[in-house]
Amino acid sequence: MRPARQTQVTPVRTRGDHRAFWTLPYEIYRDVPAWAAPLRRDERDRWDPACNPTLQTRQVWRFVAWCGRRAVGRIAAVLDPELAARWAPDTGLFGFFESVDEPEVSASLFHAAEITLRAQGVRRMLGPVNLSFHDEMGLLVDGFDHAPAFLTPFNPPYYTHLVERQGYRPSFDQHAYRWIAGGTSPPVVERALQRAARAGVVIRGLHREQWMAELHVVHTLYNEAFKELWGFVPIGWHDFRARAEGFKSFYRPELIQIAELDGRAVGFALALPDLGPILARIRGRLWPFGSAYLAFGIRRLHQARCMLLGVLPAFTGRGIAVALVARLIAAARDLGFTAGELSLVHQDNHPTRRLIETMGGTAVRTYRVYEKTLS
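All of these numbers come straight from a predicted model, not from anything done at the bench.

**Quick notes on the pairing of strand β3 (residues 70-79)**
Burial of β3 is extensive: nine of the 10 residues sit out of reach of the surface. Pairing between strand β2 (residues 59-67) and β3: nine bridges, direction antiparallel. Pairing of Phe63 across the sheet is with Ile75, part of β3. Where β2 hands over to β3, the hairpin turn is made up of two residues, of which Gly68 adopts a positive phi near 65°. Across five bridges, the pairing between β3 and strand β4 (residues 91-99) is antiparallel. In the sheet register, Ala77 faces β4, and the bridge partner there is Phe94.

As structure tokens, then:
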């Protein structure tokens, strides 16, 4: 897919532009067997505000790079007013970056995104962030020999060169850790579990029959536990519920653990079966056999992805996080899961990183968020 020198970048306006935008990754990664292709239905509907409430609180401009009539790149410029108000004044985001290995293409795409956001008063660009900090974030810069887990970013190694060539520099890294079942808990973990038990901490799984009530509990914990994390913007109920409903058909209630103290929920850990191997097999298509393979394959998965681990700030340091992880691992083993991934963990989240490493986790991939000051 080497384009000619002449590249034209146009905003997404028509149905054809929209289709070119959301289908481009399936062309870029068609020869990458390990790529966990998202369902085409979901990628198409992601740009419908009725299906994705995230769009209702953010401004987004999308662009496609063309070589003749062939799409060879894409990018989105995102303005999140609440992010700017809380953490980063005059800051905008770029996301959904994809490109063939041609600096001219990526340069044209970034130019379009930057001048668009500069016109909105943006003086600093941050990314890749796919709409919000609740979505895929970061460029894969290390660990290409490991297949991507469910809902984690993926890109070819040459993307690093394309992004840095445009003047973007590292802002922060996030890491993915690999866990393999087996062995016993180290003494420090046992002591933390005893401390949590003495404090009266109770760990329980999600009550499937009380789905909506439990969803409200996790929603509150999520917003409160991470509110001090740089860049975090509280997620609204409708947005949170829409995301959770997307997981409802394959989640396992035993993989969502809630910590309670004196009857109050104070922390949680959430893992999902890793659909990556199945998605890589069906290449995003449910027809003609994808739906059947998805339904059958879910029951045979042996790997999970731990996506969230949070404790209310007032209750940290009591062994609750350790107790949650230990109970989650035990539940995964009971369900027949033999491996897992814990991701993504911010580079400065040293307590969580130490906890994961103590529990036997090994760093396998690094995702980098870049920034650039606009002149």
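**A look at the packing of aromatic side chains**
According to the stated counting rule, one finds 24 aromatic pairs in the structure shown. By the ring-pair criterion, three or more aromatic residues cluster together here, those being Phe94, Phe97, Phe110, Tyr158, Tyr159 and Tyr168. When the ring centre of Tyr26 is taken as reference, the NZ or CZ atom of Arg40 above it lies at 4.0 Å. A cation sits over an aromatic face here: Arg62 above Trp47, 4.4 Å from the ring centre.

**Some remarks on the pattern of salt bridges**
Evaluated as defined, the whole model comprises 18 salt bridges. The partner of Lys227 in a salt bridge is Glu224, and the shortest N-O contact between them spans 3.1 Å. For Lys227, a relative accessible area of 33% gives the class partly exposed. With relative accessibility at 33%, the residue Glu224 sits in the partly exposed group. With a shortest N-O distance of 3.0 Å, Arg243 and Asp239 are connected by a salt bridge. Remark: Asp239 and Arg243 occur in helix α8 (residues 237-247); sequence separation between them is four residues, near one turn of the helix. Residue classification places Arg243 among the partly exposed residues on the basis of a relative accessible area of 21%. Among the charged side chains, a salt-bridge network with shared partners connects Glu43, Arg46, Asp135, Glu136, Asp239 and Arg243.

**Some thoughts on the environment of Asp101**
Mapped onto the fold, Asp101 is located in the loop between β4 and α4 (103-118). Linking Asp101 and Leu83, residues 18 residues apart in sequence, is a C-alpha distance of 32 Å. Apart from residues lying up to four places away in sequence, Asp101 is in contact with Tyr158 and Leu162.

About the cut-offs
Counting starts from 1 at the beginning of each chain's written sequence and moves along it residue by residue. Owing to the predicted nature of the model, reporting of local features is limited to residues with pLDDT of at least 70; listing and counting of side-chain atom pairs is limited to 80 or more, with chain, interface and lining totals taken over all residues. Values reported for side chains reflect all heavy atoms of the structure, with hydrogen atoms and water molecules removed beforehand. The buried label applies to any residue whose accessible area, calculated with a 1.4 Å probe on protein chains only, is under 20% of its type's maximum; exposed applies above 50%, and partly exposed to all values in between. Helix and strand assignments come from DSSP, with helices taken as H or I runs of at least 4 residues and strands as E runs of at least 2, each series counted from the N terminus. Only when DSSP finds a minimum of two bridges between them are two strands counted as paired. Stacked, edge-to-face and tilted labels apply to pairs of Phe, Tyr and Trp rings (six-membered ring for Trp) whose centres lie within 6.5 Å, assigned for plane angles under 30 degrees, over 60, and everything in between, in that order. Working rule: Lys NZ or Arg CZ, within 6 Å of ring centre, within 35 degrees of ring normal, means a charge sits over the ring. Salt bridges are identified by distance alone: a Lys or Arg side-chain nitrogen within 4 Å of an Asp or Glu carboxyl oxygen. The contact criterion used is simple: two residues touch if any of their non-hydrogen atoms lie within 4.5 Å.

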